[in-house]
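Now for the letters of each chain:
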Amino acid sequence: MVDKKMEENIVQFVAVTGATTRDARRFLETYHRLDVAMDNYFNNPQQFANSKSRGHAQSAAPSTSKLNALFDKYKDPDGNEISIDGTIKFCEDLEIDPEDVVMLAVAYELKSPRVGEWTKQGWVEGLKSLGVDSIQGLKALLPKLRNQLGSDPKYFKKVYSHTFDFARNEGQRSLGLDTAQAFWALLLPHGLEGGALSHVDEDQDVSMNGAGGEGFKREYVDWWFEFLQAKGGKGVSKDTWNMLFDFVRTIDSQFKNYDPEAAWPSTIDDFVEYARQRLQS
């Protein structure tokens, strides 16, 4: 059974990294876990490589022709882009729900301009950057992307910022309230649970207590939604969307360290008052 699992990991390792089977086995035998082995390979692919295996790894770079063919598999028959029908098929082949939060990371990596749309340039450049040219390769990368999105504040912020433009309708400057809440419902809990939204102090250093006690709590996401519904309004501005990331990371659990004189959007000012009242009730 162990040998079978090793062989499965080797296949995934080679598909994602383009390494030789020999190098894949050496990294897996050294680091034991697939994700850790791949991380170490990307950091130092020459760790176990001889000249012959280095040449093989270089020749195994993602194939542009394969990426073009993969794009054509999903694109509209009469168009130059992948749209909703192709996106659904794409997700089916990845064996993932289109509303899974990791798809927001995929959309960022492949430069998807908006929900259900993919351009050939973004597709090819994005998958090349990820180092894959097949559905199997991308599928094997999804756990790593999911973990990075949940745990890495810098990566989370990049995906989070991209999501605003990705989610809004073409020609609109703001994001519809229901749409904003749907994407916040995916991103905020994921970042809070994984640590990407862990509480930081004034110097942007992570609090020793992290998201567990001193900062924004999971239940406050629900408070935020309740506040927005009660407040009404047509949509969420880009400024409010982007600033919420900093607010969630820096506010204390009692909303005491909030500076009303800072350049926060008025919506966040009003939410702090709402949250303080909730805490006192």
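Bear in mind the structure is a predicted one, so any value in this text is a computation, not a measurement.

Draft legend 1. Molecular detail of the packing of aromatic side chains. Scanning all chains against the criterion turns up 31 aromatic pairs. Between Phe-156 and Tyr-160, the ring centres sit 5.9 Å apart and the planes meet at 15 degrees, which makes this aromatic pair stacked. Of this pair, Phe-156 and Tyr-160 both sit in helix 10 (residues 153–167), four residues apart, which is roughly one turn of the helix. This pair shows no difference in class: Phe-156 is buried, exactly as Tyr-160 is. Ring geometry for Trp-224 versus Phe-227: centroids 6.0 Å apart, planes at 25 degrees, classification stacked. Taken together, the positions of Trp-224 and Phe-227, both in helix 13 (residues 218–231) and three residues apart, correspond to about one turn of that helix. The buried category is assigned to Trp-224, whose relative accessible area is 1%. For Phe-227, a relative accessible area of 7% translates into the label buried.

Draft legend 2. Summary view of the layout of surface pockets. Each pocket or cavity is described by its volume, and for the largest pocket that value is around 340 Å³. As for the largest pocket, its lining consists of 20 residues, and the residues nearest its centre are Pro-98, Glu-99, Val-115, Phe-166 and Phe-183. Where the lining of the largest pocket is concerned, the elements lending two or more residues are helix 6 (84–94), helix 7 (102–109) and helix 11 (177–194). With four residues, the top contributor of residues to the lining of the largest pocket is helix 6. Counted by class, the lining of the largest pocket contains 13 nonpolar, three polar and four charged residues. Three or more residues apiece are contributed to the lining of the largest pocket by two domains, here domain 2 (64–148) and domain 3 (174–202 + 213–280). Here the second largest pocket is characterised by a volume of approximately 270 Å³. Around the second largest pocket sit 13 residues that line it, and Asp-35, Met-38, Pro-143, Lys-144 and Asn-147 are the ones nearest its centre. Among the elements that line the lining of the second largest pocket, the one with the most residues is helix 9 (residues 135–151), at six residues. Residues of the lining of the second largest pocket, tallied by class, amount to five nonpolar, three polar and five charged.

Draft legend 3. How the structure looks around the pattern of salt bridges. Across all of its chains, the model carries twelve salt bridges by this definition. Linking Lys-89 and Asp-93 is a salt bridge whose minimum nitrogen-to-oxygen distance equals 3.3 Å. Of this pair, Lys-89 and Asp-93 both sit in helix 6, separated by four residues, roughly a single helical turn. A relative accessible area of 37% means that Lys-89 is categorised as partly exposed.

Draft legend 4. View of the confidence of the model for the protein chain. The pLDDT averaged across the protein chain works out to 88; a share of 89% of its residues lies at or above 70. Confidence drops under pLDDT 50 across residues 49–59; counting only partners more than four residues distant or on other chains, this segment forms nine contacts. This stretch, residues 206–212, has a pLDDT under 50; its non-local contacts, to residues over four places away or in other chains, come to 15 contacts.

Draft legend 5. Local environment of helix 10. With 15 residues, helix 10 extends 21 Å between its outermost C-alpha atoms, agreeing within 8% with the 21 Å of an ideal straight helix rising 1.5 Å per residue. Restricting attention to buried positions, one finds in helix 10 the residues Tyr-155, Phe-156, Val-159, Tyr-160, His-162, Thr-163, Phe-164, Phe-166 and Ala-167. Elements that come into contact with the buried residues of helix 10 comprise helix 7, helix 9, strand 3 (175–176), helix 11, strand 4 (235–236) and helix 14 (238–250). A distance of 3.0 Å separates the backbone nitrogen of Lys-154 from a side-chain oxygen at the start of helix 10, and that oxygen is part of Asp-152.

Draft legend 6. Helix 15 (residues 266–280), seen in detail. Taking 1.5 Å as the rise per residue, helix 15 with 15 residues should run 21 Å; its terminal C-alpha atoms sit 22 Å apart, in good agreement. The complete set of buried residues in helix 15 reads Thr-267, Ile-268, Phe-271, Val-272 and Ala-275. Viewed end-on, helix 15 has its buried residues packed into an arc of 140 degrees, placing them on one side of the element. Exposed residues pointing more than 90 degrees away from the buried face of helix 15 are listed as Ser-266, Gln-277 and Gln-280.

Draft legend 7. Geometry of unusual backbone geometry. The phi angle at Glu-95 is positive, at roughly 55 degrees, despite the residue not being glycine. Among the structural elements, Glu-95 can be located in the loop between helix 6 and helix 7. Take Glu-95: its relative accessible area is 62%, and that puts it in the exposed class. The phi dihedral of Phe-255 falls on the positive side, at around 60 degrees, and the residue is not glycine. Mapped onto the elements of the fold, Phe-255 is located in the loop between helix 14 and helix 15.

Each value, and the rule that gives it
- Starting afresh in each chain, residues are numbered from 1 along the sequence in its written order.
- Where local features are concerned, this predicted model is filtered to residues with pLDDT of at least 70; where side-chain atom pairs are given and counted, the filter is 80 or more; whole-chain, interface and lining totals use all residues.
- Computation of side-chain values: all heavy atoms of the structure, hydrogens and water removed.
- In this analysis, rings of Phe, Tyr and Trp, with Trp reduced to its six-membered ring, are considered paired at centre separations within 6.5 Å, and the interplanar angle assigns stacked below 30 degrees, edge-to-face beyond 60, and tilted for intermediate values.
- Helix and strand assignments come from DSSP, with helices taken as H or I runs of at least 4 residues and strands as E runs of at least 2, each series counted from the N terminus.
- Exposed residues in this analysis have more than 50% of their type's maximum accessible area, buried residues have under 20%, and partly exposed residues fall in between, with area computed by a 1.4 Å probe over protein chains only.
- Using only the protein atoms, space was sampled on a 1 Å grid; points where a 1.4 Å probe fits but cannot get out form cavities, open sets with protein on both sides within 12 Å along at least five of seven lines form pockets, and lining residues are those with an atom within 4 Å of a point.
- Grid points are joined across faces, edges and corners, and a volume is the space filled by probe spheres set on the points.
- Under the scheme applied, nonpolar residues are Ala, Val, Leu, Ile, Met, Phe, Trp, Tyr, Cys and Pro; charged residues are Asp, Glu, Lys and Arg; polar residues are all the others, including Gly.
- Boundary definitions for the domains trace back to an automatic or database domain assignment.
- Each salt bridge in this description consists of a side-chain nitrogen of Lys or Arg and a carboxyl oxygen of Asp or Glu lying within 4 Å of one another.
- Within a predicted model, pLDDT stands for the predictor's per-residue confidence, ranging from 0 to 100.
- Contacts: residue pairs with any heavy atoms within 4.5 Å of one another.
- Any helix carries an expected span of 1.5 Å times its number of residues minus one.
- Counted as a polar contact is a pair of N or O atoms within 3.5 Å, where, for protein atoms, one must be capable of donating a hydrogen and the other of accepting one, and residues adjacent in sequence contribute only when both atoms are in side chains.
- Starting at the helix axis, one direction is taken to each C-beta atom, and the arc is that of these directions.

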